Amino acid sequence: MTIFVELGQRPDEPGPPIHGPATYAADVAERLQADAAQIIGRYPQPRSALLPLLHLVQAEDGCLTPAGISFCAGQLGLTPAEVTAVATFYSMYRRTPTGDYLVGVCTNTLCAVMGGDAILEALENHLDIEAGQTTADGRVTLEHVECNAACDYAPVVMVNWDFFDNQTPSSARDLVDALRTGDIPMPSRSGSLCTFRETARLLAGLPSPGSAATAGPVGAATLAGLRFAHEHDMSAPEPGTPTDTSGTSAGHDEAVAAESVKDEPAPAPSATVPAESSTAETDPEEANS
């Protein structure tokens, strides 16, 4: 039987992995160079500044473009292929034009169980778009997102990576309506909500005046583990303390043994162990003998 596997970008991705204008206008390039110099100066090795530089050009274009890729490559002495390899690995770098507000509905396990799939479907119907598309007014881009470690208040909707907790289909519809009318709501865990491009500049380390995010209160559910630890007098071991939770000499011996081989390479795989295990499982009489 012959199986054909087609590799490459998803069928719904338009054009090459990154597309759009190839170069910046001279005044735009000059302005970005001043910002890039400030970012690069924070790192001992220039190429370490690649991730914030990608956020910088994303703030300029609303997504990554060949112009942005070439700009980053030129600033850091990299090839466009090297920059593209990094840019296409991380989901926070957008490859298609993005609206003022990137609305992401978590559809991973816990949020899905709590109603995330229903929220995404409700927003697709309400906005008359599918996940990955932008409303005609350019205000909202809708997407489904993987787990964002916000399970304490599932289901969660994110707007430009700010959390909106305990959502329902109804509250999510109200949320996107407010974004489209300019009645910007307050996120659950911070004190302000920026546009997508303002957020990208924040992530680049270049906050715009008045756009700096402030932290909000930490909810009770988030601190449940910490409360439990305090109530049971639990704490992390001091650095360098051998791991021994049993309080027995055997536990101490295991910790010492683990410490003695921590820098040794892992043992090579053995071809006989699976065979021996398989024999024991399939021939109980021989195993008992």
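Residues numbered from 1 in each chain as written. Predicted model: local features only at pLDDT ≥ 70, side-chain atom pairs only at ≥ 80, totals over all residues. Heavy atoms only, no water.

As named in an unreviewed UniProt entry, the chain is NADH dehydrogenase subunit E, taken from Mycolicibacterium aurum. The chain has a UniProt comment under Sequence similarities (unreviewed entry) that states "Belongs to the complex I 24 kDa subunit family." The UniProt entry for the chain carries this comment under Cofactor (unreviewed entry): "[2Fe-2S] cluster". (UniProt positions renumbered as here; feature names shortened; annotations may be inferred.)

A surface patch of nonpolar side chains, amounting to about 330 Å² of accessible area, comprises Leu51, Phe89 and Tyr90. Note that Phe89 resides in the loop between α4 (80-87) and β1 (101-106). Accessibility expressed as a relative area gives 65% for Phe89, which makes it exposed. (Patch = residues over 30% accessible without salt bridge, like charges linked within 9 Å, V, L, I, M, F, W, Y side chains within 5 Å. Areas by Shrake-Rupley, 256 points an atom, 1.4 Å probe, with all protein chains shown as cover. Salt bridge = Lys/Arg side-chain N within 4 Å of Asp/Glu carboxyl O. Helix = DSSP H or I, 4+ residues; strand = E, 2+ residues; numbered from the N terminus. Buried < 20%, exposed > 50% of the residue type's maximum accessible area, 1.4 Å probe, protein only.)

Quick look at the side chain of Asp162 now. Within the secondary structure, Asp162 is located in strand β4 (residues 162-164). Buried within the structure, Asp162 lacks any salt-bridge partner; its nearest side chain of opposite charge belongs to Arg189, at an N-O separation of 8.4 Å. Here Ser190 takes part through its side chain, which lies 2.8 Å from a polar atom of the side chain of Asp162. Contact partners of Asp162, with chain neighbours within four places excluded, come to Val157, Pro187, Ser190, Ser192 and Leu193. (Lys, Arg positive; Asp, Glu negative; His and termini not counted. Polar contact = N/O pair within 3.5 Å; in protein donor to acceptor, adjacent residues only side chain to side chain. Contact = heavy atoms within 4.5 Å.)

A word on the nonpolar core. Within the largest apolar cluster, 27 residues are counted, with the highest numbers of intra-cluster contacts made by Tyr24, Leu53, Leu54, Leu56 and Val83. Only α1 (26-40), α2 (50-61), α3 (66-76) and α4 provide two or more residues apiece to this core. Ignoring any residue separated from it by four or fewer positions in sequence, one finds Leu54 in contact with Leu64, Ile69, Cys72, Val83, Val86, Ala87 and Tyr93. Of all hydrophobic cores here, the second largest spans 18 residues; its members include Val103, Val157, Val176 and Leu193. (Core = buried A, V, L, I, M, F, W, Y, C linked by side-chain atoms within 4.5 Å.)

For the rest of this paragraph, the subject is the packing of aromatic side chains. For the coordinates displayed, the defined rule picks out four aromatic pairs. Aromatic side chains Tyr24 and Phe71 sit 6.3 Å apart centroid to centroid with 75° between the ring planes, which places their arrangement in the edge-to-face category. On the criterion of sequence distance, the pair formed by Tyr24 in the segment before α1 and Phe71 in helix α3 is long-range, its members being 47 residues apart. Since its relative accessible area comes to 8%, Phe71 is described here as buried. One aromatic cluster in this structure is built from Phe89, Tyr90 and Tyr93. When the ring centre of Phe163 is taken as origin, the NZ or CZ atom of Arg189, which lies over that ring, is 4.6 Å away. (Phe/Tyr/Trp six-rings, centres within 6.5 Å; stacked < 30°, edge-to-face > 60°. Lys NZ or Arg CZ within 6 Å of the ring centre and 35° of its normal.)

On to the pattern of salt bridges, then. All told, the structure shown has seven salt bridges when counted by the stated rule. Between Asp35 and Arg201 there is a salt bridge, and its shortest N-O distance comes to 3.3 Å. Of this pair, Asp35 sits in helix α1 while Arg201 is found in helix α8 (residues 196-204), placing the two residues 166 residues apart along the sequence. Glu143 is the partner of Arg94 in a salt bridge, and the nearest nitrogen-oxygen pair spans 2.9 Å. With Arg94 in the loop between α4 and β1 and Glu143 in strand β2 (residues 140-145), this pair connects stretches of sequence that are 49 residues apart. Judged by relative accessible area, which is 16%, Glu143 ranks as buried. Salt bridges here are not isolated pairs; linked through shared partners, they connect Asp152, Asp165 and Arg189.

Another point: the pairing of β2. For β2, the buried fraction is high: five of the six residues fall into the buried class. Judged from the six bridges that link them, β1 and β2 form a sheet pairing that is parallel. Following the sheet pairing, Gly104 is matched in β2 by Glu143. (Pairing = 2+ DSSP bridges.)

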